[in-house]
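Remarks on the overall topology
Listed here are the chains, written in short residue letters.
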Amino acid sequence: MERARRLRQSAVLRNLVRENHVRTDELIYPVFVTEKEHTKEPVVSMPGIFQYSLDYLHEELDRVMACGISAILLFGIPLHKDAMAGGAYDENGIVQRAIRQIKKEYPDLLVIADVCLCEYTDHGHCGLVRDGKILNDETLPLLADTAVSYAKAGADIIAPSGMMDMQVDSIRHALNHTGFLYTPVMAYSAKFASAYYGPFRDAAHSAPQFGDRKTYQMDPANGREALREVEEDIREGADMIIAKPAMAYLDIIREITASYHIPVVAYNVSGEYAMVKAAAANGWIDEKKVVMENLTGMKRAGAKMIITYHALDAAQWLLEEP
Ligand code: PBG
Ligand code: ZN
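Everything in this summary refers to the structure shown in the same document. Keep in mind that this is a model prediction, so the values were computed, not measured.

Scoring rules and cut-offs
Residues numbered from 1 in each chain as written. Chains lettered and ligands numbered in written order. Predicted model: local features only at pLDDT ≥ 70, side-chain atom pairs only at ≥ 80, totals over all residues. Heavy atoms only, no water. Near = heavy atom within 4 Å. Polar contact = N/O pair within 3.5 Å; in protein donor to acceptor, adjacent residues only side chain to side chain. Areas by Shrake-Rupley, 256 points an atom, 1.4 Å probe, with all protein chains shown as cover. Nonpolar A, V, L, I, M, F, W, Y, C, P; charged D, E, K, R; others polar. Donors = N, O, S within 2.8 Å, 3.2 Å for Na, K, Ca; no water. Tetrahedral: all angles 85-135°; square planar, octahedral: opposite > 155°, others 65-115°. Buried < 20%, exposed > 50% of the residue type's maximum accessible area, 1.4 Å probe, protein only. Helix = DSSP H or I, 4+ residues; strand = E, 2+ residues; numbered from the N terminus. Contact = heavy atoms within 4.5 Å. Core = buried A, V, L, I, M, F, W, Y, C linked by side-chain atoms within 4.5 Å. Pairing = 2+ DSSP bridges.

What follows is about the site of ligand 1. Inspection of the region around ligand 1 gives 18 residues, with Lys191, Arg201, Lys244, Ser270 and Tyr309 positioned closest. Lys191 is positioned such that a nitrogen or oxygen atom in its side chain is 2.7 Å from an oxygen atom of ligand 1. The separation between an oxygen atom of ligand 1 and a polar side-chain atom of Ser270 is 2.7 Å. Here ligand 1, which alone exposes 400 Å², has 100% of that area covered by the protein. For the shell around ligand 1, the class distribution of residues is ten nonpolar, three polar and five charged.

Reference values for angles at a metal are 109.5 degrees in the four-donor tetrahedral case and 90 or 180 degrees in the six-donor octahedral case. Taken together, Cys116 (SG), Cys118 (SG) and Cys126 (SG) make up the full set of protein donors to the zinc ion (ligand 2), lying 2.2 to 2.3 Å away. With four donor atoms in place around the zinc ion (ligand 2) and angles of 100 to 119 degrees between them, the coordination shape is tetrahedral. Within one chain, the residues donating to the zinc ion (ligand 2) are spaced in sequence as C-x1-C-x7-C. The pair formed by Cys118 and Cys126 is uniform in burial state, with each residue classed as buried.

Turning to the side chain of Thr39, a few remarks are in order. Considering the arrangement of structural elements, one finds Thr39 in the loop between strand E1 (27-34) and strand E2 (40-42). By relative accessible area, which is 12% here, Thr39 ends up buried. Sequence-distant contacts of Thr39, defined by excluding residues within four places in its chain, comprise Thr34, Gln51, Tyr52, Ser53 and Tyr56.

Counting 113 residues, the largest nonpolar core has Leu74, Met186 and Ile256 as its most contacted members. The biggest single contributor to this core is helix H4 (residues 140-153), with nine residues. Residues contacting Met186, with those up to four places away along its chain left out, are Ile28, Ile112, Ile157, Ile158, Ala159, Pro160, Met240, Ile242, Val265 and Met305.

This part takes up the pairing of strand E3 (residues 50-53). In this structure, E1 lies alongside E3, joined through three bridges in parallel fashion. Across the sheet, the residue bridging to Val33 is Tyr52, located in E3. Sheet analysis places E2 next to E3, joined by three bridges and oriented antiparallel. Within E3, the residue paired with Glu41 across the bridge is Gln51.

What follows is the structure, given as C-alpha cells:
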C-alpha cells in the first residue's frame, strides 16, 4: 500500500472503497410533544427544534415523512408534574395520546417511546425520591406501568432511559404479561452522567431540582463498567443497546460492538447538536460537512443506528446527493 493515494484519485474510486455510510433508514429523530395546546415552542438552546402540541404535530411529522425518515423517538412534556410522576403512566397522558394520534395518522412511522419519570416528577429526577435519595426498586413498577401503557397506545419500541437497576427486567416481564411479548426494548445501557444533556433538559423541562444524576447515570471516566451495564441489560432481555452521549464516547460504541452481537445505537445528544449549531450560526464551521463527518464517525465506531436532532437535515442532504 506504499501508494495509498492510488485509491483516492477520483470520486468514483473513493466511493467504491468507502467503508461506512450514513443512511437515512438508520437515523432516528427525537420529537418533543407538549401537553399545551395550539403551540410550537422553540427550544432556545437547540435551534430548529420545537415542542409541538398535538394539533401542530403534523407539521413536524409531514417533514419527517417527506425526507424519508422512518423512526422517531418520542418525549412528552406534561402540564402537571407530581412526586409520583402520575403523568407518565396515565392512559390519557401526553405521550399516550400522541402515540395514538401518530399511529392513526402515520401508520408506517415507527414510534419509539422513551420511558423515564424525569419529565413527570416535580423534583425532576428519573426515579421516586425519599429523604433526598433516588429510590430504585420502588421506581421499577412505575416504569413498567409506563412502558405497558405506551405499548397499549401503540408504541413500536420501548426505550427505558432512567438508569434504574433492573429496569429492563421489570419492563420486559410487564410487557410479556400484558400481551406485548414482541414489543422490543431498546435499552439506554451505557448512559453517562453528562453535561451534554443540558439543552435537552431545557427542552423537556426535566432538570433535577436538587442534586444531580450521578447516583444513577454512569461516571464518564468508566469504560469497562459500561460493558457490565450492557451485559446486564442483555441478560435482562434488551433487544438493542443505546450508548450516550456519542462523540466523547466513541470508544464505548466500538467496545460494545466488538463485545456483543446486538444492534448498537449511538445517541448524538442535545449538547452535541447545540455546539455544532452554534459554531455553524457563527460561520465558524461548515454545518453540513461537520454533521456528516460526525455521523460517519459514529457509524465507523460501530453504531448500527443513530438518534440525532440533525436527522431531518442529514436525510435532506442525502436526498440531494446520496
Ligand atoms: C431522560 C433523558 C435524557 C436524555 C434522554 N432521555 C436527559 C437526562 O438524562 O437528563 C438526554 C437526551 C439529550 O441530551 O439529547 N432520562
Ligand atoms: Zn430521566
